[in-house]
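Fold and contact review
The lines below spell out each chain.
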Amino acid sequence: MIVKSHLGISYTMKRIRPRLVSGQPSPPRPNHIPMPPKSKAAAAAAAEPVAVEDLFSALHRHIEAGEFPQAVKVADQVLAVAPGDEDAVRCKVVAHIKSDATDKALAAIRAAERLPIDLSYYKAYCYYRQNKLQEALEILNGQEETAAVLQLESQIYYRLARMTDCLNSYEKLQKFKIDSMDLKINTIAALVAAGRASEVQAAMKAQKVDLTTRALRDARSFELAYNSACTLIENKKYPEAKEQLDLAKRIGKEELMVEDYAEDEIEYELAPVSAQLAYVQQLQGQTQEAMETYVNMTNKKSGDPSSLAVATTNLISLKGTKDAADSLRKLDRLVEKSTAPNQLQLIESLEFKLPPRKKEALYSARALLLLHANKIDQAHELVSGLLGMFQDSIFPILLQAAVHVREKKVPKAEEVLTRYAEKHPNNSKEVLLALAQIAASANHFQIAADSLSKISDIQHMPATVATLVALKERLSDSNGAATVLDSAIQWWKNAMTEDNKLDVFMREAASFKLNHGRDEEACQLYEELVKSYGSTEALAGLVATSARTDLEKAELYEKKLKPLPGLKGINVESLEKTSGARHVDQAVKVDAPEEVKKQKAKKRKRKPKYPKNFDPANPGPPPDPERWLPKRERSSYRPKRNKRVQVRGAQGSLSKHDAAAANAGGASSKASQTTTSAKAPEPPKGNKSRNKKSRR
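What this report covers is the structure whose coordinates are included nearby. (Residues numbered from 1 in each chain as written. Predicted model: local features only at pLDDT ≥ 70, side-chain atom pairs only at ≥ 80, totals over all residues. Heavy atoms only, no water.)

**Observations regarding the overall build of the protein**
- Secondary structure assignment for the protein yields 37 helices and 0 strands.
- A total of 696 residues make up the protein; the buried ones form 38% of that total.
- For the protein, the exposed area adds up to about 44,200 Å²; of that, 50% sits on carbon and sulfur atoms. (Helix = DSSP H or I, 4+ residues; strand = E, 2+ residues; numbered from the N terminus. Buried < 20%, exposed > 50% of the residue type's maximum accessible area, 1.4 Å probe, protein only. Areas by Shrake-Rupley, 256 points an atom, 1.4 Å probe, with all protein chains shown as cover.)

Here you go:
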């Protein structure tokens, strides 16, 4: 089933996307802000010319030293002396941004709205940092397409997963002829994220960037090696990708050691590479090594929140349904609890950092775990939220169908999948496969066959053909099954591939048609097989098939069969006249040769072994032959007599002995009974202690 009931590598495990080198585009660097012109200083010199010059010098000194909070204070002093100074306002806004105080930067921008200063770029950048991407994009739409604006625009498009627009922005940047390694690295990231990893080599070659391992080793660029490895992963070149990831990790570690980073800090910074290496190991089948890396990262929390979320999701995909409760607890730590229905949100450290694909993987893993934990209501609520959040994705639709199947509402699941396939015919391959699986499991063979028939690009594949033929046979539609086989044969006849499966399909089709009474068609297929491939099996099939339709042709091809070894001395005609082989109950006695008999007669006589302290000359009395039997089964056993008469039965009933005596007594017995009954019964002698009152 496409929507698997356990966690599978196909839907829940998402790799780390190639990260952009600069997590955000850098605003104009403060040390590039020009000093105020001499004329402006002379104009302000009427008040305090020396004080303004000194303040600008101090402002420049703080900016060069990266002391941005102090730069903000000095900028305020400049504005107090020269209100509305453009350079001072820009320095203040950029210093706030560099101090990660975007709220204060926006407040400074709003305070300067009455001034003739264009701060739109800085405002858009602040919105970008606050993850208000649509507001930032609206501000940039009216701006001139400068290099800075295009870089910020490309970053916004990347976060919005609008990769086509992101690549368009990078193409526009080419006209500025910016020779920046960061720009090239970001272009690789956008191409990989857009699913165009096959174009990376050509794009980098045009920009004179060599992505071979030797060139990357010489370039000493950690980010370039990492993003190049992501390209190789997309192209399924896992050994080369692992080699470049190891190189990226080594380069990054050396650079961080030069900067005096501690060991745990280095491990934290290189967490994305570690998670990506584990992902490659997982794809190569090295699950134990990958699991060790994921467990080490999650236990030590040695990584940024995004890398830890990826490691957690991939670890859960490796564990599958094992310990679903623990996996749910780990995922619940990453999800923000919301009181609003169908509203999904991750914790603050992940909500603005994880791209949509990773969010979808994380939520989908949680939905599958909820289904396994039999928490159907929570799974239903989560899937409803996913349908609204990822409207262009297929996986929420598959999860919705899985929930309906778990609720034993198969017709509703089929309805959901059918509606989506009709609405999106060009993007419904996985949905149709899921529909076929669900319908076949519910014995809705017609729906399953129709679903598979709509996927045109897999009609020639052996698995699809075999499934369709089996479904048609279940529907008693042998003509439809034969049509499926004929279509596949025709496709492979026209196919120009090295791994051609025409002979396999022709052989299976001939066998199918022979079993369903299409002898002439089967004969033609076998004849084509013999002429094209010269198969002995096909020749035998042709002889057997021709014997039903054309006896002369069968005899003609029978002569081409090679005689079987060991059958030369057998008269076939006399064998056919016999009644056949008979069943023999007893084995046939065969006289053994004299030599064998002599060997059997010569048996080695071994000296018998006696018990300890046993004298064969005086053996004594012979042992009891019944010594191995239980005592109650021996002939000498006499049971002990029980003096007490056992009375069995209900209380007051007579035993057999008493009943016989009563019958034998006759009238005398009756007389004695009358005499006895005339006497008054004596009270039983009780225990004296019973008549006494108990003392306590």
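**A few points about the environment of glutamate 254**
- Secondary-structure assignment places glutamate 254 in helix H15 (residues 238-258).
- As a C-alpha pair, glutamate 254 and phenylalanine 222 span 32 residues in sequence and 10.0 Å in three-dimensional space.

**Remarks on the side chain of threonine 231**
- Along the chain, threonine 231 falls in helix H14 (residues 222-234).
- Among residues more than four places away in sequence, those in contact with threonine 231 are Ile188, Val192, Ala197 and Val200. (Contact = heavy atoms within 4.5 Å.)

**Brief notes about the pattern of salt bridges**
- Enumeration over the complete set of coordinates arrives at 25 salt bridges.
- Arginine 90 is paired through a salt bridge with glutamate 86; the nearest N and O atoms lie 3.2 Å apart. Here glutamate 86 and arginine 90 lie together in helix H5 (residues 86-98), a separation of 4 residues that amounts to about one turn.
- Judged by relative accessible area, glutamate 86 falls into the partly exposed class, the value being 33%. (Salt bridge = Lys/Arg side-chain N within 4 Å of Asp/Glu carboxyl O.)

**Quick look at unusual backbone geometry**
- At lysine 236, a residue that is not glycine, the phi angle is positive and equals roughly 60°.
- Tracing the sequence through the fold places lysine 236 in the loop between H14 and H15.
- On the basis of relative accessible area, lysine 236 is assigned to the exposed category, the value being 64%.
- Backbone geometry at aspartate 260 places phi at a positive 65°, although glycine is not the residue there.
- Accessibility expressed as a relative area gives 68% for aspartate 260, which makes it exposed.

**Details of the packing of aromatic side chains**
- A full pass over the atoms with the stated rule returns 6 aromatic pairs.
- Following the ring pairs from residue to residue traces out a cluster consisting of Trp491, Trp492 and Phe505.
- One residue, arginine 159, lies across the ring of tyrosine 128, its end atom 4.5 Å from the ring centre. (Phe/Tyr/Trp six-rings, centres within 6.5 Å; stacked < 30°, edge-to-face > 60°. Lys NZ or Arg CZ within 6 Å of the ring centre and 35° of its normal.)

**Focus: the nonpolar core**
- Counting residues in hydrophobic clusters, the biggest one holds 94 residues, and the most contacted among them are Leu59, Tyr122, Leu152, Ile156, Leu211, Leu245 and Tyr294.
- Not counting the four nearest positions on each side in its chain, leucine 211 is found in contact with Ile188, Val200, Gln201, Met204, Leu216, Leu224, Ser228 and Gln244.
- If you look at the next biggest cluster of nonpolar residues, it comprises 46 residues, including Leu328, Leu331, Ile394 and Leu432. (Core = buried A, V, L, I, M, F, W, Y, C linked by side-chain atoms within 4.5 Å.)

**Re the packing of H5 against helix H6 (residues 102-111)**
- At a minimum axis distance of 7 Å, the contact between H5 and H6 shows a crossing angle of 165°. With respect to H6, the element H5 is oriented roughly antiparallel. For the element pair H5 and H6, the recorded crossing hand is left-handed. Packed against H5, whose contacting residues are Lys92, Val93, His96 and Ile97, the element H6 presents Thr102, Lys104, Ala105, Ala108 and Ile109 at the interface.
- Along the lines of polarity and charge, the residues of the contact of H5 with H6 split into 5 nonpolar, 2 polar and 2 charged. (Axes fitted to C-alpha atoms, helices over the stretch in contact; angles between N-to-C directions. Parallel < 35°, antiparallel > 145°, perpendicular 65-115°, else oblique. Left-handed = near helix turned anticlockwise from the far one by under 90°. Nonpolar A, V, L, I, M, F, W, Y, C, P; charged D, E, K, R; others polar.)

**Structural notes on helix H27 (residues 445-453)**
- Those residues of H27 that sit buried are Phe445, Ala448, Ala449, Ser451 and Leu452. Buried residues in H27, looked at end-on, bunch into an arc of 160°, giving them a common side.
- Residues of H27 that are buried make contact with helix H26 (429-441) and helix H28 (462-474). (Arc of directions from axis to C-beta.)

**Quick notes on H14**
- Spanning 13 residues, H14 covers 19 Å between terminal C-alpha atoms, matching the ideal 18 Å at 1.5 Å per step.
- The buried fraction of H14 is high, at 11 of 13 residues.
- Among the residues of H14, those classed as buried are Phe222, Leu224, Ala225, Tyr226, Asn227, Ser228, Ala229, Cys230, Thr231, Leu232 and Ile233.
- Its side-chain oxygen at 3.3 Å from the backbone nitrogen of leucine 224, serine 221 defines the N-terminal cap of H14.
- Directly beyond the C-terminal end of H14, a positive phi value near 60° is found at lysine 236. (Expected span 1.5 Å × (residues − 1). Polar contact = N/O pair within 3.5 Å; in protein donor to acceptor, adjacent residues only side chain to side chain.)

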